[in-house]
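Single-letter residue listing:
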Amino acid sequence: MISAMPLLTGLSMVLLCLAWVTILLPMNKLPPAARIIVIMGTALLVMLPLFDYPGWYKVRGIFGDSSITALLFYSALVLQQNFSWQLYRGEELLLLRRLVLLAAVLLYPFALGLTQFDSYRLGYANPWMLATLLVFTLFCWFRQYYFLATIITAAVISDSLQLLESRNLWDYLIDPAFVLILLLSWFRASVKGKQPAAA
């Protein structure tokens, strides 16, 4: 899957690297100025040319393209964990982890042909999948899980606009790197649905 817009692909790879930095480094122990330096330095390294190509080409070659939900989550993660932005709550983060994990279990083994049922096919303009997402989005909005409702809505709209080369809705909702980052964040006590402590 290759993004139809190189700018979107480059931005998603930068956000992916920033998410890795936020997850793996003790950013919450750094003063705000140091966090900004680390974030800006990482972004520049990813954007700088490497063997005639931007560094994010290499990142994309390793991890593949990011889904729309992942791109929005990485943005929220970087802003919430490193600065005083409250974009999602702890309950939302926990629910997102469980949902993405469940989707990965249902999607990837079936898509690899381990059974005769191919769950990946459900992403091709399937009205039942769209109806399920609509009901879940309304549930999130009713429970005031506005971040979850927003990223799901953005993924569906992006699919209808075909912002990525893929025509499959799954590719707008989930990707392997997104699953891995959410799993790692589960074991990082510093990654919670709250603002960082004052340095």
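One can find the structure itself at the top, above this paragraph.
Counting residues in hydrophobic clusters, the biggest one holds 53 residues, and the most contacted among them are Leu 16, Phe 73, Tyr 74, Leu 96, Ile 174, Phe 178 and Ile 181. Looking at which element gives the most residues to this core, the answer is helix α1 (residues 6-24), with 11 residues. Those residues within four positions of Ile 181 in sequence are excluded, and the remaining contacts are Leu 16, Ala 19, Trp 20, Ile 23, Phe 73 and Tyr 74.

Tracing the sequence through the fold places Tyr 57 in helix α3 (residues 55-63). Spatially, the C-alpha atoms of Tyr 57 and Met 47 are 9.1 Å apart, while their sequence positions differ by 10 residues.

Okay, the packing of helix α4 (residues 68-82) against helix α7 (residues 146-161) next. Any two packed helices are characterised by the angle at which their axes cross and by the distance between the axes. Where α4 meets α7, the closest approach of the two axes is 8 Å, and the angle between their N-to-C directions is 140°. By the criterion of interaxial angle, the relationship of α4 to α7 is oblique. In this structure, α4 meets α7 at a crossing whose hand is right-handed. Packed against α4, whose contacting residues are Ile 68, Thr 69, Leu 72, Phe 73 and Ala 76, the element α7 presents Phe 147, Ile 151, Ala 154, Ala 155 and Ser 158 at the interface. For the contact of α4 with α7, the residue count by class is 8 nonpolar, 2 polar and no charged.

To continue, consider the side chain of Thr 42. Tracing the backbone through its elements, the reader meets Thr 42 in helix α2 (residues 32-47). Overall, Thr 42 belongs to the buried group, its relative accessible area being 14%. In contact with Thr 42, other than residues within four places in its own chain, are Cys 17, Leu 18 and Val 21.

Once that is clear, we can look at helix α9 (residues 176-186). If you check which residues of α9 are buried, you get Ala 177, Phe 178, Val 179, Ile 181, Leu 182 and Ser 185. For α9, the side-chain oxygen to backbone nitrogen distance between the N-cap and Ala 177 is 3.2 Å, and the N-cap itself is Asp 175.

Using the criterion set out here, one finds 10 aromatic pairs in the structure. Pairing Trp 20 with Phe 63 gives two aromatic rings, centres 5.6 Å apart and planes at 35°, and the pair type is tilted. On the criterion of sequence distance, the pair formed by Trp 20 in helix α1 and Phe 63 in helix α3 is long-range, its members being 43 residues apart. Of the residues examined, Trp 20 reaches a relative accessible area of 14% and is grouped as buried. The interplanar angle of 45° and the centroid separation of 5.6 Å between the aromatic rings of Tyr 88 and Phe 147 together place this pair among those described as tilted. Of this pair, Tyr 88 sits in the loop between α4 and α5 (90-111) while Phe 147 is found in helix α7, placing the two residues 59 residues apart along the sequence. Among the residues examined, Phe 147 registers a relative accessible area of 12% and is labelled buried. By way of ring pairs, the aromatic residues Phe 73, Tyr 74, Tyr 88, Phe 147 and Phe 178 are connected into one cluster.

What follows concerns α3. Two residues of an α-helix separated by three or four positions point the same way, owing to the 3.6 residues in each turn. Within α3, burial applies to Gly 55, Trp 56 and Val 59. An end-on view of α3 places all buried positions within 90° of arc, on one side of the element. Residues of α3 that are buried in the fold lie against α1, α2, β1 (49-50) and β2 (53-54). One or two positions beyond α3, positive phi appears at Gly 64, with a value near 80°.

Taken together, the side chains of Leu 44, Leu 45 and Leu 48 present a nonpolar region at the surface, about 330 Å² in accessible area. Assignment of secondary structure puts Leu 48 in the loop between α2 and β1. The class of Leu 48 is partly exposed, set by a relative accessible area of 46%.

Turning our eyes to something else, we now look at the environment of Pro 54. In this fold, Pro 54 is placed in strand β2. C-alpha of Pro 54 to C-alpha of Gly 10: the two residues are 44 residues apart in sequence and 8.6 Å apart in space. Not counting residues up to four positions away in its chain, the partners in contact with Pro 54 are Val 46, Met 47, Leu 48 and Pro 49.

Cut-off values and rules
Residues numbered from 1 in each chain as written. Predicted model: local features only at pLDDT ≥ 70, side-chain atom pairs only at ≥ 80, totals over all residues. Heavy atoms only, no water. Core = buried A, V, L, I, M, F, W, Y, C linked by side-chain atoms within 4.5 Å. Buried < 20%, exposed > 50% of the residue type's maximum accessible area, 1.4 Å probe, protein only. Helix = DSSP H or I, 4+ residues; strand = E, 2+ residues; numbered from the N terminus. Contact = heavy atoms within 4.5 Å. Axes fitted to C-alpha atoms, helices over the stretch in contact; angles between N-to-C directions. Parallel < 35°, antiparallel > 145°, perpendicular 65-115°, else oblique. Left-handed = near helix turned anticlockwise from the far one by under 90°. Nonpolar A, V, L, I, M, F, W, Y, C, P; charged D, E, K, R; others polar. Polar contact = N/O pair within 3.5 Å; in protein donor to acceptor, adjacent residues only side chain to side chain. Phe/Tyr/Trp six-rings, centres within 6.5 Å; stacked < 30°, edge-to-face > 60°. Arc of directions from axis to C-beta. Patch = residues over 30% accessible without salt bridge, like charges linked within 9 Å, V, L, I, M, F, W, Y side chains within 5 Å. Areas by Shrake-Rupley, 256 points an atom, 1.4 Å probe, with all protein chains shown as cover. Salt bridge = Lys/Arg side-chain N within 4 Å of Asp/Glu carboxyl O.

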